[in-house]
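Single-letter residue listing:
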Amino acid sequence: MRFSRQALLAALPAAVVAHGGRQHHARQNPSGSTTSYTFSLAATNPTAVPLSAINSLQPSSATKALHSTAVAGSVPTFISGAPPLPAITALRAADYPDPDKPAPTDSPEVKRWIQEVKDTGVVIPDLSLNVAAPATGPICTAPENAAAAANSTARCWWTCGGCTRASDIADCPTKLDWGLTFDDGPAPYTPNLMEYLDEKQIKATFFVVGSRVFYNWQTLQSQYMGQHQIAIHTWSHYALTTLTNEQIIAELGWSKKIIKDVLGVTPNMMRPPYGDIDDRVRAISLAMGLTPVMWTRLGPNSAFNTNDFDIHSGTVTVDQALSGWKSVLDKANTIDTGFIALEHDIWQQTVEVATGYILPDALAHQPAFKIQPVVNCLARTMSDAYVETNNNATNPPVFKQAVDAGVVKVSGKPKDTSPAVSAQSAAGGILSLAGLMLGGLLAMP
Ligand SMILES: *[C@@H]1O[C@H](CO)[C@@H](O)[C@H](O)[C@H]1NC(C)=O
Ligand SMILES: *[C@@H]1O[C@H](CO)[C@@H](O)[C@H](O)[C@H]1NC(C)=O
Ligand SMILES: [Zn+2]
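Small disclaimer: the values here were computed from a predicted structure and weren't measured.

Thresholds applied
- Residues numbered from 1 in each chain as written.
- Chains lettered and ligands numbered in written order.
- Predicted model: local features only at pLDDT ≥ 70, side-chain atom pairs only at ≥ 80, totals over all residues.
- Heavy atoms only, no water.
- Helix = DSSP H or I, 4+ residues; strand = E, 2+ residues; numbered from the N terminus.
- Contact = heavy atoms within 4.5 Å.
- Near = heavy atom within 4 Å.
- Polar contact = N/O pair within 3.5 Å; in protein donor to acceptor, adjacent residues only side chain to side chain.
- Areas by Shrake-Rupley, 256 points an atom, 1.4 Å probe, with all protein chains shown as cover.
- Nonpolar A, V, L, I, M, F, W, Y, C, P; charged D, E, K, R; others polar.
- Disulfide = S-S within 2.5 Å.
- Buried < 20%, exposed > 50% of the residue type's maximum accessible area, 1.4 Å probe, protein only.
- Pairing = 2+ DSSP bridges.
- pLDDT = per-residue confidence, 0-100.

### Describing the environment of Asp336
Within the element layout of this structure, Asp336 appears in the loop between α9 (318-334) and β9 (339-341). The sequence separation of Asp336 and Leu176 amounts to 160 residues, and the corresponding C-alpha distance is 8.6 Å. With near-sequence residues (within four places) excluded, Asp336 lies in contact with Pro173 and Lys175.

Below, the structure is given as structure tokens:
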């Protein structure tokens, strides 16, 4: 069943009244009384779906076709040294593992990636695996994980306390810079979001799920050629601290592979699903050349999270999501750095909230935000977002940086005998990093 936006607007008007120079939203609730929202917005999109219509029971609205399709063989001129876009007619299911579940670890590909990780000499901390139902994120409070939670600072488990290491990106360094990110696509409503971003000339970072790339590879090509940054969000979206080392390697390896197959380049940033990373997951990611990118968090309960994801399931109302956005704004106004906030392009509701409310409000914010992909807020070019085109002189590959900073240790003589890889400096760095193991204070990238 499909409704046009016009029909929705006509059927369900949200009263918008002037309020202190800003717009204040009110709505009729089912009992007929008017409910005031607990926030006001500097601007909204005139064609937005009314707030009162954005909920878990919402009928599907139309998905849009990609308004700009990528042309096979064209060369992305905005990435120096990028290869031509691969010519694909169809991806073959037989070439990839099944969607939405961790891949087998005995395939030739995964065995090769496991060997490559070994060859780096990385020491993977021997930490107990956490427990989670496949689709649940908040595993910090699960009784089964109480011991790990008690040890969350030592193992630097972000989910449980917000610990980051020097290698993690958790904010943009410059005040008012917003590293705009969308997770979990590419999905049916991603083109709707991209149309709005193009209209406003906004570029973002998309953390994509490998097995969804399989079904939506044209969308991924269009995102990449539209100068958005593409980064990794695993193959199946399981919580990584619940998986074995080999399964984590498979999650990241298959994501790297399918993106390279579709784009010709390999991302060098990843976001762990649910932000679920500890030193074990971190060591594997870094050894695979992937920088963990979190979202900004000022304390255990002060994450820059719009909570947009849960409108679809009904656990969060659109009011609560937009209140979450307003609290992101309040925090962004007070901190000395820029920020990265959590948003998603997977559901109709997340896209409607972003294009109808959050982004218009952000664009009207004074002083103005500089909205950009994460790689750019780190003062790097889009070329530095991909392994093949990264400028290794000015932006050394992350594993080398992490070893030099003591975030990971290497044992023995790594096969890649890079002269700067020194186990001794790594050990010294571990000690000096103790000060960075803060349960939630700002960690600089
Ligand atoms: C706590 O974490 C540290 C650092 O990763 C680890 O060496 C230690 O074994 C852990 N202790 C427990 C009880 O899990
Ligand atoms: C940087 O090093 C990687 C290998 O780690 C290589 O694939 C890439 O081409 C190098 N970047 C440039 C610009 O040469
Ligand atoms: Zn996710």
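### Points about the site of ligand 2
Surveying the vicinity of ligand 2 reveals the residues Val387, Glu388, Asn390 and Asn392. In the environment of ligand 2, an oxygen atom lies 3.0 Å from a nitrogen or oxygen atom belonging to the backbone of Glu388. With respect to ligand 2, the backbone of Asn390 contributes an N or O atom lying 2.9 Å from a nitrogen atom. Protein chains bury 43% of the 360 Å² of accessible surface belonging to ligand 2 in isolation. Residue composition of the shell around ligand 2, by class: one nonpolar, two polar and one charged.

### A look at the state of the cysteines
The bond known as a disulfide is covalent and runs between the sulfur atoms of two cysteines. Under the counting rule described, the total for this entry stands at three disulfides. At a sulfur-sulfur separation of 2.1 Å, the disulfide partner of Cys140 is Cys160. With the S-S bond torsion at 50°, the cross-link from Cys140 to Cys160 turns out right-handed. Taken together, the residues span a long stretch of sequence, with Cys140 in the loop between α2 (108-119) and α3 (146-150) and Cys160 in the loop between α3 and β4 (177-183) at a distance of 20 residues. Its relative accessible area of 22% is what places Cys140 among the partly exposed residues. Classification of Cys160 as buried rests on a relative accessible area of 9%. For Cys172, the disulfide goes to Cys377, at an S-S distance of 2.1 Å.

### Structural notes on helix α6 (residues 217-225)
Because each turn of an α-helix spans 3.6 residues, side chains separated by three or four positions in sequence point in the same direction. Most of α6 sits inside the fold, with seven of its nine residues counted as buried. All of the buried residues in α6 are Trp217, Thr219, Leu220, Gln221, Ser222, Gln223 and Tyr224. Residues of α6 that are buried sit in contact with α4 (190-199), β5 (205-208), α5 (210-215), β6 (229-232) and α7 (245-263). Gln227, located one to two residues past α6, shows a positive phi value of around 70°.

### A look at the pairing of β5
Of the two faces of β5, the one holding Thr205 and Phe207 and the one holding Phe206 and Val208 are both buried throughout. Bridge count for β4 against β5 is three bridges, and the pairing is parallel. Bridge assignment links Phe182 to a residue of β5, and that residue is Phe206. As judged from the four bridges shared by β5 and β6, these two strands associate in the parallel manner. Looking at the pairing, Thr205 lines up with Gln229 of β6.

### Quick notes on the site of ligand 1
All residues adjacent to ligand 1 are Leu127, Asn151, Ala154 and Arg155. In this structure, Asn151 approaches ligand 1 through a side-chain N or O atom, which is 2.4 Å from an oxygen atom. For ligand 1, an oxygen atom lies 3.0 Å from a polar atom in the side chain of Arg155. When ligand 1 sits alone it has 360 Å² of accessible area, and the protein chains cover 43% of it. In terms of residue class, the shell around ligand 1 is made up of two nonpolar, one polar and one charged.

### A short note on the confidence of the model for the protein
Of the residues in the protein, 83% have a pLDDT of 70 or more, and the chain-wide mean is 85. In this model residues 1-34 is a low-confidence stretch, pLDDT under 50, and it forms 64 contacts with partners more than four residues away in sequence or in other chains. Low pLDDT, under 50, characterises residues 417-445; the predicted model gives this stretch 54 contacts beyond four residues in sequence or across chains.

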